[in-house]
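Descriptive structure summary
Read off the chains here:
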Number of protein chains: 2
Amino acid sequence: MKRTAYLADLTSAHLDQTVTVQGWVARRRDLGKLIFIDLRDRSGTLQIQIEPESPAFAEADRMRGESVAEFTGMLRLRPENQRKAGSGAYELIADRATLLSLAVTPPFELSKGREVAEDIRLKYRYLDLRRPEMFEKLKMRSQVSAAITAFLTAEGFLNVETPLLTRSTPEGARDFLVPSRQTPGEFYALPQSPQLFKQLLMIAGVDRYFQLARCFRDEDLRADRQPDFTQLDIEMSFVEQDDILDVSERLLRHLFKTVLNEELPDPFPRLTYQQAMNTYGSDKPDLRFGLPLVEVTELFRGGAFTAFASAPSVKVLATSELTRKQIDELERVAKQNGAGGLAWLRREGEGFSGGISKFVGDMATELITRTGVKEGGTLLLAAGEWKKAVTALGAVRNALRDLLSLATEGFQVAWITDFPQLNYDEDSGTWTYMHHPFTAPHPNDLALFGTERQHEIRAQAYDLVLNGFEIGGGSVRIHDPAVQQQMFGAIGFTPEAASEQFGFFLDALSFGTPPHGGIAWGFDRLMMVMSGAASIREVIAFPKNNRGSDLMAQAPSAASGAQLAELGLQVEVGSE
Amino acid sequence: MKRTAYLADLTSAHLDQTVTVQGWVARRRDLGKLIFIDLRDRSGTLQIQIEPESPAFAEADRMRGESVAEFTGMLRLRPENQRKAGSGAYELIADRATLLSLAVTPPFELSKGREVAEDIRLKYRYLDLRRPEMFEKLKMRSQVSAAITAFLTAEGFLNVETPLLTRSTPEGARDFLVPSRQTPGEFYALPQSPQLFKQLLMIAGVDRYFQLARCFRDEDLRADRQPDFTQLDIEMSFVEQDDILDVSERLLRHLFKTVLNEELPDPFPRLTYQQAMNTYGSDKPDLRFGLPLVEVTELFRGGAFTAFASAPSVKVLATSELTRKQIDELERVAKQNGAGGLAWLRREGEGFSGGISKFVGDMATELITRTGVKEGGTLLLAAGEWKKAVTALGAVRNALRDLLSLATEGFQVAWITDFPQLNYDEDSGTWTYMHHPFTAPHPNDLALFGTERQHEIRAQAYDLVLNGFEIGGGSVRIHDPAVQQQMFGAIGFTPEAASEQFGFFLDALSFGTPPHGGIAWGFDRLMMVMSGAASIREVIAFPKNNRGSDLMAQAPSAASGAQLAELGLQVEVGSE
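Residues numbered from 1 in each chain as written. Chains lettered and ligands numbered in written order. Predicted model: local features only at pLDDT ≥ 70, side-chain atom pairs only at ≥ 80, totals over all residues. Heavy atoms only, no water.

Quick look at the side chain of T72(A)
Residue and element names in this part refer to chain A. Here T72 shows up in strand 4 (residues 68-77). Its relative accessible area of 7% is what places T72 among the buried residues. In this structure the side chain of T72 is engaged in a polar contact, spanning 2.8 Å, whose partner is the side chain of T20. Once you skip the residues sitting within four places of it in the chain, T72 turns out to touch T18, V19, T20, L92, I93, A94, D95 and R96. (Helix = DSSP H or I, 4+ residues; strand = E, 2+ residues; numbered from the N terminus. Buried < 20%, exposed > 50% of the residue type's maximum accessible area, 1.4 Å probe, protein only. Polar contact = N/O pair within 3.5 Å; in protein donor to acceptor, adjacent residues only side chain to side chain. Contact = heavy atoms within 4.5 Å.)

As structure tokens, this is what we get:
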């Protein structure tokens, strides 16, 4: 090691001393006969001054932007009027320079990083990561991961690595397959999560488990998914729901305090699924602003506005004055999210104008009272089956946040609890699990299995929500084989089908299984929210684009005929 | 949480208090009308006594081995003559019992774990892991991984996750492929190591990187390999070889001290590759015993024993008296490791008998002096091309260790340095890289590239050796594109072939690359040696067997026609 210190670690103790520094040429200016170089390392920048008579001059003169260089010389205070914070207070008067690696011209200017097309930044990711804001995100991710490891280890959790070449897991998404060469024609699956393995570790008596686990889902990528991603996976034995929530809260408070110096509430607020949906139209409500959905179903029941008269649910949002164009845009959002339309009203004095105002009649006073809408303000109404109505209006609520910049600074966290155990899929006319088939139902609701009220069964399942993002989810698991069979029955799994898919796990349950439960945090998403990044790609060193391609390494790519022959595979691709 | 504490955490403070404990029924005995249960959790065991008049009796009577149970009652000291260490000092007089999960009869007795066929233990791994010695290995692995994270984070290293769905990396083994559904006919590769990505992170300016990285190699599994494994991956910028060795040494000393309370030497001994091969016949010598190879080439040169007379190298090992049967077995080892045969001599007085003694003649005194062979002791000799002779005799040396129990207790660590840069493959008549093609040659040896002496080029490469196992290896990397081209030239890579395979990486080198280097530790193997396990399967929670199968989850397995169709693949398996 030749360097005296990282650039940002130079202090007044180094002043008027000979120091050696190393880094990248962030900027070079030739002023008169002087060369000025802004040298950058991961910690900061330092101005290097090379005078024409310096023995370093000829070498420094060869340096171009993004070259790697080493300088030795005297550290001086900069002139008072040029001094900045940190290493910006100093400059190095170089008398030795070494060009360690000459750089060809970069494909984009690092200082303009955010304006550069993302495909270019992804192709030259190693250059994009040189931008200090990108390095800071990698650094925060590393800090958080170290803090998680230290915290959970101190609490007696064991970090256990689970297999990556394994068998299909029950997450419901599509598996990535890995052909086996040793048994051609057979395949491993990459795990969608360590779900079954962490439950098996509880059956094994590990009692407290965690892992920053790599997971894989072969989905058609939406804006902000990655085919391989990381989750913080936690499982505990001999616990109830509150124990799992308690560890999660303490851990998240610890991370926010130590990494961001932010205080999260103690305890976290809790909303049931019913409350969250009913009040915010979302099971991951953004609580950085109010704007609750208001119940007005019975006001419209049997009234003149026939679209609302017999609707099972009518909900309304009260907001400030909106233009017709804004309302049209919000109606588009409502329709995209399942509503037939979005009705509206504008308050004028003690009544309403515009939209469906002719149907309001004598309910105007009650509407004003319930919603608190201000003079000139707008009411937005959606009707329909309850879940559809609130979901559509919840999406409108989020659109209003973006439109009107309603979200406050900082972080708002909450638990959403009491999710439904079962989901009725209208298209297929079948019942499916809401989280996964090993989620334990609420013990008071067990009698509802197999009845027409089984949609009312509450799961011992919970999500952790931060600023409108689901950053974690988990459940108490079924540890009783009889309940597990009941659950499989409810979702139409015959014992044979269950055994075919999860036989080894069902066997394991019969050898003495402790009560257990856990949670998985979406680590990429958590880091995105903590670091204020616009996408999870910003907090992953080498992400795929939204077509699943690594533009830098150029993956995926063709395989050789010899490789395919060894695997006993033939590619059969039709015209594209 | 209902339990008062883990069983081993019960102390005299709990004596004569009502406590609640939970765990597995390790053993049940019915003595007279009393039931005694040894309850086990991950920390230890506790004896539970259930008296016939206890309200807990009926429930306890339902409990069978490996059932999960909860007991509440008074904690008492055991009678003095039955007291053992820790929780063995106490017993719980239960007045409440709950059978939390009834176990069916396990397929093997846990207490006989080590005698059970490994296939059965792997199939029911969750039962095997209940054995305390297995749990202790998982726990140690977790401790070591947490200690690594804390140590390297404190030293300014960033934990960065690199992609698992990527492109072939240059480790030289076979890749596992992952078919892409979004671009059918194309494949991702699972990484054999993060080699290129960690070098790209140095080009990105990360400066200090580590990762406990999951890696994949599709090899025909030898006794102690796994298709997916874990390595501790480290890379540093602006360093020389000694900086990397220094961090590695301090980290390993820290781990041994904190986890095992063992002191490793400071600094670690270093042997060059030449020294290690010449003295121990291995580049991963077991230094827990002596038995060096002794040089006798010129003694035999031109002598009566024609097999040795013109041999480039003759080496000898001096050991205690051996039987003919033992010598035959050692000759088999020598032949398996490339020798034509293994010659031997038995010391008798100032001369030799047996084996090739009739050829010894007047060199007897010199042989005795050089080897120090004792009266009745055996000399074992191998001859041939230097590397072949020492390798064969090195294998004999290890066999003697096992035969005669030569290895001392404890841990012997060393660095092996100055590996050859290039390897000549006699079969194909081509030069290949020894570590990987990005290893930097020794700067003094650069002029030898392309000459007939290029086998003499030393690499700035090093291995970390512990008790005869290679537990780490690394190198300073090439950071100069011109040297990289020289290296590709030496191993017969045309610029086009290099560009086809590593183009994106060679591009990256041209944008300003700092001097850098690193190391990768085989984490599974390190844990095996630290924990005294007989195989790496003992330190992996859910390992594959040596045919690459997960006997518990039954992976790999067949894929459905629909899955294959989505991937554009057909299975074409011939008769097996």
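Considering the sheet that holds strand 6 (residues 158-159) of chain B
All names here are of chain B. Taken together, the eight strands give an open sheet; going across it, the order is 6-9-10-22-21-20-17-11, and neighbouring strands pair in mixed fashion. Among the strands making up the open sheet, the edge pair consists of strand 6 and strand 11 (270-272). Strand direction decides the pairing type here: strand 20 (residues 461-466) and strand 21 (residues 469-476), joined by six bridges, are antiparallel. For L466, the partnering residue across the bridge sits in strand 21 and is F469. With respect to the sheet, helix 4 (residues 132-154) is in contact with strand 9 (208-216) and strand 10 (228-237), its orientation differing from that of strand 9 by roughly 150 degrees. (Pairing = 2+ DSSP bridges. Axes fitted to C-alpha atoms, helices over the stretch in contact; angles between N-to-C directions.)

What about the relation of the copies chain B and chain A?
With an axial shift of 0.0 Å and an RMSD of 0.1 Å, the rotation relating chain B to chain A amounts to 180 degrees. Taken together, the rotation and translation relating the two chain copies correspond to the operation of a two-fold axis. Residue by residue, 100% of the interface of chain B is reproduced at the interface of chain A, so both copies engage with the same surface. (Least-squares fit on C-alpha atoms with pLDDT ≥ 70 in both.)

Description of empty space enclosed by the protein
One pass over the structure, following the stated rule, counts nine cavities of 30 Å³ or more. Reported here for the largest cavity is a volume of approximately 510 Å³. Together, 35 residues line the largest cavity, and N159(A), L212(A), N159(B), Q211(B) and L212(B) are the ones closest to its centre. Residue composition of the lining of the largest cavity, by class: 15 nonpolar, 14 polar and six charged. Each pocket or cavity is described by its volume, and for the second largest cavity that value is around 160 Å³. Around the second largest cavity, the lining is made up of 19 residues, and of these R214(A), I540(A), A541(A), E161(B) and T162(B) lie nearest the centre. Looking at which element gives the most residues to the lining of the second largest cavity, the answer is strand 10 (residues 228-237) of chain A, with three residues. Of the residues assigned to the lining of the second largest cavity, the class counts are nine nonpolar, four polar and six charged. (1 Å grid on protein atoms, 1.4 Å probe; cavity = no way out; pocket = protein on both sides within 12 Å on 5 of 7 lines; lining within 4 Å. Points joined across faces, edges and corners; volume = space filled by probe spheres on them. Nonpolar A, V, L, I, M, F, W, Y, C, P; charged D, E, K, R; others polar.)

A word on the domain arrangement of chain A
Along its sequence, chain A is organised into domain 1 (7-101) and domain 2 (289-404). Placing the centre of domain 1 of chain A and that of domain 2 of chain A at their C-alpha centroids yields a distance of 62 Å. (Domains from an automatic or database assignment.)

Focus on the packing of helix 10 (residues 324-336) of chain B against helix 12 (residues 386-404) of chain B
Geometry of a packed helix pair, given as the angle between the helix axes and the separation of the axes. Residue and element names in this part refer to chain B. Interaxial distance between helix 10 and helix 12 falls to 8 Å at its minimum, and their mutual angle equals 140 degrees. If you check the angle between helix 10 and helix 12, you find them oblique. The element helix 10 and its partner helix 12 pack so that their crossing is right-handed. The segment helix 10 lies against helix 12, with Q326, L330, V333 and A334 engaging A392, A395, V396, A399, L400 and L403. Of the residues contributing to the contact of helix 10 with helix 12, the split by class is nine nonpolar, one polar and no charged. (Parallel < 35°, antiparallel > 145°, perpendicular 65-115°, else oblique. Left-handed = near helix turned anticlockwise from the far one by under 90°.)

Some remarks on the pattern of salt bridges
Residues and elements named next belong to chain A. According to the stated counting rule, one finds 104 salt bridges over all chains in the structure shown. Where R130 meets E66, a salt bridge forms, and the shortest distance between an N and an O atom there is 2.9 Å. With R130 in the loop between helix 3 (125-128) and helix 4 (132-154) and E66 in the loop between helix 1 (57-61) and strand 4, this pair connects stretches of sequence that are 64 residues apart. With respect to class, R130 is no different from E66; both count as buried. (Salt bridge = Lys/Arg side-chain N within 4 Å of Asp/Glu carboxyl O.)

Focus: the sheet that holds strand 23 (residues 557-558) of chain B
Ordered in space as 7(A)-8(A)-23(B), the three strands form an open sheet in which the pairing is antiparallel. The open sheet has two edge strands, strand 7 (177-179) of chain A together with strand 23 of chain B, and neither has a second partner. Note that strand 8 (residues 186-189) of chain A and strand 23 of chain B share two bridges and pair antiparallel. The partner of E186(A) across the bridge, within strand 23 of chain B, is A558(B).

With respect to the environment of N398(B)
Residues and elements named next belong to chain B. Following the sequence through the fold, N398 ends up in helix 12. Once the C-alpha coordinates of N398 and P52 are considered, the two residues, 346 residues apart in sequence, prove to be 60 Å apart. Excluding anything up to four places from it in sequence, N398 contacts D286 and F289.

Structural notes on the nonpolar core
The biggest cluster of nonpolar side chains holds 86 residues, and the ones touching the most others in it are Y126(A), L152(B), L200(B) and L252(B). Other than its neighbours up to four places away in sequence, Y126(A) contacts M552(A), L200(B), I203(B), A204(B), F504(B), D507(B), A508(B) and F511(B). Of all hydrophobic cores here, the second largest spans 85 residues; its members include V160(A), M236(A), F504(A) and A553(B). (Core = buried A, V, L, I, M, F, W, Y, C linked by side-chain atoms within 4.5 Å.)

Quick notes on helix 11 (residues 364-371) of chain A
For an α-helix, the turn length of 3.6 residues means that residues three or four places apart are oriented alike. Residues and elements named next belong to chain A. Of the positions making up helix 11, those classed as buried are A364, L367, I368 and T371. Projected onto a plane normal to the axis of helix 11, the buried residues spread over an arc of 100 degrees and lie on a single side. Among the exposed residues of helix 11, those pointing more than 90 degrees away from its buried face are T365 and T369. Of the surrounding elements, those touching the buried residues of helix 11 are strand 12 (294-295), helix 8 (297-300), strand 13 (313-319), strand 14 (343-348), strand 15 (351-353) and strand 16 (378-384). In the stretch just after helix 11, G372 is the one whose phi turns positive, near 65 degrees. (Arc of directions from axis to C-beta.)

Details of the interface of chain B and chain A
Taken together, the 121 residues of chain B in the interface contact 121 residues of chain A. Summing both partners gives a buried area of about 10,100 Å² for chain B against chain A, and 59% of it is carried by carbon and sulfur. The largest per-residue losses of area from chain B upon contact with chain A belong to E161(B), F238(B) and F511(B), which jointly make up 8% of the total buried on that side. Counting the contacts that link chain B with chain A gives 12 salt bridges. The salt bridge involving D207(A) is made with R3(B); its shortest N-O contact spans 2.6 Å. Taken together, chain B and chain A are joined by 57 residue pairs in polar contact (both at pLDDT 80 or more). Broken down by element, the side of chain B that touches chain A gets its largest block of residues, nine residues, from helix 4 of chain B. When grouped by side-chain class, the residues that make up the side of chain B that touches chain A number 63 nonpolar, 30 polar and 28 charged. (Buried area = accessible area lost by both parts, 1.4 Å probe.)

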